[in-house]
Amino acid sequence: MAILKRLAESGRPAVPFTLNGQACTALAGDTVLTAVLTQADCVRHSEFSGSPRAGFCMMGACQDCWMQLEDGSRLRACSTFVEPGMRLLSLPMAPAAVPGTLAAAPWPEDDIA
């Protein structure tokens, strides 16, 4: 169930995208965060605990809204505008599933010194 409901500005052009393989529609000018949260109950699931996350600071500082695209690249949902044809994932792909990476390669965030 979506956690955001659009109350105004519904006259902007539609922007098609997919979320976890499901066809969705946002409005031109929406951030990825807005686009996803008008469709779902979270932006992503934590790589560490699996718990749902929905962003925190809404200005790109906390890094809680990182999402992954199907091609393995990542973006900040709160500061990236949705684009036609974006293919977003709320569950992270394993590093081995990302083209050009090694099966044993950890995420950069896993480096705890």
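Residues numbered from 1 in each chain as written. Predicted model: local features only at pLDDT ≥ 70, side-chain atom pairs only at ≥ 80, totals over all residues. Heavy atoms only, no water.

**Description of the pairing of strand 2 (residues 22-27)**
Turning to step 1, where the next piece is worked out: Pairing between strand 1 (residues 14-19) and strand 2: 6 bridges, direction antiparallel. Across the sheet, Leu-19 pairs through a bridge with Gln-22, a residue of strand 2.
Turning to step 2, where the next piece is worked out: Between the end of strand 1 and the start of strand 2, which pair antiparallel, lie 2 residues, with Asn-20 showing a positive phi angle near 55 degrees. (Pairing = 2+ DSSP bridges. Helix = DSSP H or I, 4+ residues; strand = E, 2+ residues; numbered from the N terminus.)

**Observations regarding the environment of Cys-57**
Turning to step 1, where the next piece is worked out: Within the secondary structure, Cys-57 is located in the loop between strand 4 (52-53) and strand 5 (66-69).
Turning to step 2, where the next piece is worked out: On the accessibility criterion, Cys-57 (25% relative accessible area) is partly exposed.
Turning to step 3, where the next piece is worked out: Linking Cys-57 and Cys-78, residues 21 residues apart in sequence, is a C-alpha distance of 8.6 Å. (Buried < 20%, exposed > 50% of the residue type's maximum accessible area, 1.4 Å probe, protein only.)

**A look at the nonpolar core**
Turning to step 1, where the next piece is worked out: By size, the foremost hydrophobic cluster in this structure holds 21 residues, and its most contacted members are Phe-17, Leu-19, Val-32, Val-36, Met-67, Val-82 and Leu-88.
Turning to step 2, where the next piece is worked out: Put simply, the parts of the chain that give this core at least two residues each are strand 1, strand 2, helix 1 (32-37) and strand 5.
Turning to step 3, where the next piece is worked out: For this core, the element with the most residues is helix 1, which contributes 5 residues.
Turning to step 4, where the next piece is worked out: With near-sequence residues (within four places) excluded, Val-36 lies in contact with Phe-17, Leu-19, Cys-42, Val-43, Met-67 and Leu-88. (Core = buried A, V, L, I, M, F, W, Y, C linked by side-chain atoms within 4.5 Å. Contact = heavy atoms within 4.5 Å.)

**A few points about the pairing of strand 1**
Turning to step 1, where the next piece is worked out: Bridging between strand 1 and strand 7 (residues 87-89) involves 2 bridges; their strand directions are parallel. For Thr-18, the partnering residue across the bridge sits in strand 7 and is Arg-87.

**Some points on the sheet that holds strand 6 (residues 74-76)**
Turning to step 1, where the next piece is worked out: With respect to topology, 5 strands assemble into an open sheet ordered 2-1-7-5-6, the strand pairing being mixed. Each of the sheet's edge strands pairs with one partner strand only, and the pair in question is strand 2 and strand 6. With direction set aside, neighbouring strand axes in the sheet form an average angle of 40 degrees.
Turning to step 2, where the next piece is worked out: Examined bridge by bridge, strand 5 and strand 7 share 2 bridges and lie antiparallel to one another. Note on strand 7: the bridge partner recorded for Gln-68 is Leu-89. (Axes fitted to C-alpha atoms, helices over the stretch in contact; angles between N-to-C directions.)

**A closer look at the side chain of Thr-38**
Turning to step 1, where the next piece is worked out: Tracing the sequence through the fold places Thr-38 in the loop between helix 1 and strand 3 (44-45).
Turning to step 2, where the next piece is worked out: A polar side-chain atom of Thr-38 sits 3.0 Å from the main-chain carbonyl oxygen of Ala-35.
Turning to step 3, where the next piece is worked out: Thr-38 has contacts with Ala-2, Leu-4 and Arg-6, leaving out every residue within four places of it along the chain. (Polar contact = N/O pair within 3.5 Å; in protein donor to acceptor, adjacent residues only side chain to side chain.)

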